[in-house]
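# Fold and geometry: a report
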Amino acid sequence: MIRYEFRKLFQQKIGLILIITCIVIASLLFTVSDQIKEDGSLRNNAVIIQEYENIISDMSFEEAIVWLEQEYDTQSERFQKEYRETGDKSRMLITGSLVNLIDKYKYLASYDDYIKSVLNQAKQMQKVALFRDSRYVEENTERTVKDFSPLLSVEVSRDAPMFIAASTSYKIGDYILFISIIILVILIFGYEEGSDGKTLLWVQYKGKLPVFFAKLITTAISVTVLIAVYYGVILLIGHYLYREIDQGVNFSAMIQSLPEFRSCTYIISVAEYLLLFFALKIIKNLRRF
């Protein structure tokens, strides 16, 4: 019966074309999303950034920051001199790349201090009488200490894939995906082949319940596949757009290696985060129906 439901689903060409169109539209909008635009200069300077990354690959975060800041000062002086003499602005690419790298390594070097500051702030609030008398504040600070304390053992990495943040924070795509799922559910539950099929469904002995469960299972499988395909496409596009900046990336790096996830209280790698991301998206969308 489930096989029959899938056969009916694939017969509805117009509905399937609408779903594919939604995926294509979401993919095109992703390429011009705010995060992609924001990282535009980063991706444009990828070659220069990779060259500097190779130079500082054996340095500690602190040593890399010192070296990059010195290099920035040197390149800035050269840029100002060349601009005054020839009006050439090409060296701005180098200085811009160095700014991006300095920001990156400053984040990596300061991650432990950030976690310690969050814990210290929570502990200080626990000592203040005004906050200590509030049950809500007390529970919140206790939860903060409990959640953030394990993060002191997290080792951030310089080679975490940068496309993850852009690909998994694409909000407009979630709405388009929801529309696609609605279309899919309508195709499965709103169609019976011919009026005779509808009549037979109502008069046969225990006919409605088995068909309902068959449609339910078909919906669950179809929605799971649709979500996997949709986010798989978005991740692949993100990987392609960031391909030059993400050379030699490490998916076993902790997710906190990316600034966008610095407050994540789960000690998981980028690969584990992606698995969790897919699982939660599937569960969330299945619960809607």
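To be clear, the structure that these remarks concern was listed above.
Residues numbered from 1 in each chain as written. Predicted model: local features only at pLDDT ≥ 70, side-chain atom pairs only at ≥ 80, totals over all residues. Heavy atoms only, no water.

Each aromatic ring pair is summarised here by two numbers: the centre-to-centre distance and the angle between the ring planes. Counting across every chain of the model gives 12 aromatic pairs. A ring pair is formed by tyrosine 111 and tyrosine 114, whose centres lie 6.4 Å apart and whose planes are at 45°; its orientation type is tilted. In this pair, tyrosine 111 and tyrosine 114 both sit in helix 7 (residues 92-127), 3 residues apart, roughly one turn of the helix. Per residue, the accessibility class of tyrosine 111 equals that of tyrosine 114, and both read buried. A ring pair is formed by tyrosine 231 and phenylalanine 278, whose centres lie 6.5 Å apart and whose planes are at 90°; its orientation type is edge-to-face. Of this pair, tyrosine 231 sits in helix 13 (residues 208-241) while phenylalanine 278 is found in helix 14 (residues 270-287), placing the two residues 47 residues apart along the sequence. The lysine or arginine in question, arginine 243, covers the ring of tyrosine 240, its NZ or CZ lying 4.0 Å from the ring centre. Across from the ring centre of tyrosine 114, 3.9 Å away, lies the NZ or CZ of arginine 262, which sits over that ring. (Phe/Tyr/Trp six-rings, centres within 6.5 Å; stacked < 30°, edge-to-face > 60°. Helix = DSSP H or I, 4+ residues; strand = E, 2+ residues; numbered from the N terminus. Buried < 20%, exposed > 50% of the residue type's maximum accessible area, 1.4 Å probe, protein only. Lys NZ or Arg CZ within 6 Å of the ring centre and 35° of its normal.)

Turning to empty space enclosed by the protein, a few remarks are in order. Applying the stated criterion across every chain, the model contains 1 cavity of 30 Å³ or more. Roughly 30 Å³ of volume is contained in the largest cavity. Around the largest cavity, the lining residues are Ser167, Thr168, Tyr170, Gly173, Asp174, Tyr230, Tyr231 and Ile234. Elements supplying a minimum of two residues to the lining of the largest cavity: helix 10 (163-168), helix 11 (171-189) and helix 13. The greatest single-element share of the lining of the largest cavity, amounting to 3 residues, is contributed by helix 13. Residue composition of the lining of the largest cavity, grouped by class: 4 nonpolar, 3 polar and 1 charged. (1 Å grid on protein atoms, 1.4 Å probe; cavity = no way out; pocket = protein on both sides within 12 Å on 5 of 7 lines; lining within 4 Å. Points joined across faces, edges and corners; volume = space filled by probe spheres on them. Nonpolar A, V, L, I, M, F, W, Y, C, P; charged D, E, K, R; others polar.)

Okay, the packing of helix 2 (residues 13-30) against helix 11 next. For the pair helix 2 and helix 11, the least separation of the axes is 9 Å and the interaxial angle reads 175°. With respect to their mutual orientation, helix 2 and helix 11 come out roughly antiparallel. Packed against helix 2, whose contacting residues are Gly15, Leu16, Leu18, Ile19, Cys22, Ile25, Ala26 and Leu29, the element helix 11 presents Ile172, Ile176, Ile179, Ser180, Ile183, Leu184 and Leu187 at the interface. Each residue belonging to the contact of helix 2 with helix 11 can be placed in one class, and the counts come to 13 nonpolar, 2 polar and no charged. (Axes fitted to C-alpha atoms, helices over the stretch in contact; angles between N-to-C directions. Parallel < 35°, antiparallel > 145°, perpendicular 65-115°, else oblique. Contact = heavy atoms within 4.5 Å.)

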